[in-house]
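Now for the letters of each chain:
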Amino acid sequence: EAVVSTQSTGDRLVRGEFAAEGDGDNELKQVSEVTKASLVLAIFYGLIITGALPLSPALGVLCGALFMVALLLNNILLGRRDPFIPIQNAFWKVACSKHQKIE
């Protein structure tokens, strides 16, 4: 029974008929704050590795850890949900402004 249900789930996934249980279950549709922070830290660390930022990799990791702790404290103490929303809105405004219809 378990093998049959696994195969049918895999089959539905391959065919594109697999739907998430809820709207928040799909990370690609609704990106979490941790994913956004990880992307920011990856870019930050990449700039350190390439030499664009004059920091040692160890100091970069320390700054990244402090950044994650600051986000956690922001959520706990201030009750804010996602501090990346203004940056995200500005990005989409710039990205989508080039694709508007010309009338």
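Each remark here, short or long, concerns the structure printed above.
Residues numbered from 1 in each chain as written. Predicted model: local features only at pLDDT ≥ 70, side-chain atom pairs only at ≥ 80, totals over all residues. Heavy atoms only, no water.

*Asks:* Would you mind going over the packing of aromatic side chains in detail, with residue names and values included?
*Replies:* Per the counting criterion, the structure on display carries one aromatic pair. Between the aromatic rings of phenylalanine 67 and phenylalanine 84, the centroid separation amounts to 6.3 Å while the plane-to-plane angle is 65°, which identifies the pairing as edge-to-face. Placement of phenylalanine 67 in helix H3 (residues 57–78) and of phenylalanine 84 in the loop between H3 and helix H4 (85–97) is noted, with a sequence separation of 17 residues between them. The exposure class of phenylalanine 67 is partly exposed, given its relative accessible area of 27%. The class of phenylalanine 84 is buried, set by a relative accessible area of 9%. (Phe/Tyr/Trp six-rings, centres within 6.5 Å; stacked < 30°, edge-to-face > 60°. Helix = DSSP H or I, 4+ residues; strand = E, 2+ residues; numbered from the N terminus. Buried < 20%, exposed > 50% of the residue type's maximum accessible area, 1.4 Å probe, protein only.)

*Asks:* Which residues make up the layout of surface pockets, and what values go with them?
*Replies:* Each pocket or cavity is described by its volume, and for the largest pocket that value is around 390 Å³. Around the largest pocket, the lining residues are Val31, Thr35, Lys36, Leu39, Val40, Ile43, Phe84, Ile87, Gln88, Phe91 and Trp92. Counting residues per element, the ones that place at least two in the lining of the largest pocket are helix H2 (33–50) and H4. Top element by residues in the lining of the largest pocket is H2. It accounts for five residues. (1 Å grid on protein atoms, 1.4 Å probe; cavity = no way out; pocket = protein on both sides within 12 Å on 5 of 7 lines; lining within 4 Å. Points joined across faces, edges and corners; volume = space filled by probe spheres on them.)

*Asks:* Requested: an account of the environment of isoleucine 85, with residues and values cited.
*Replies:* Assignment of secondary structure puts isoleucine 85 in helix H4. The exposure class assigned to isoleucine 85 is partly exposed, which follows from its relative accessible area of 40%. Residues isoleucine 85 and lysine 36, 49 residues apart in the sequence, show an inter-C-alpha distance of 10.0 Å.

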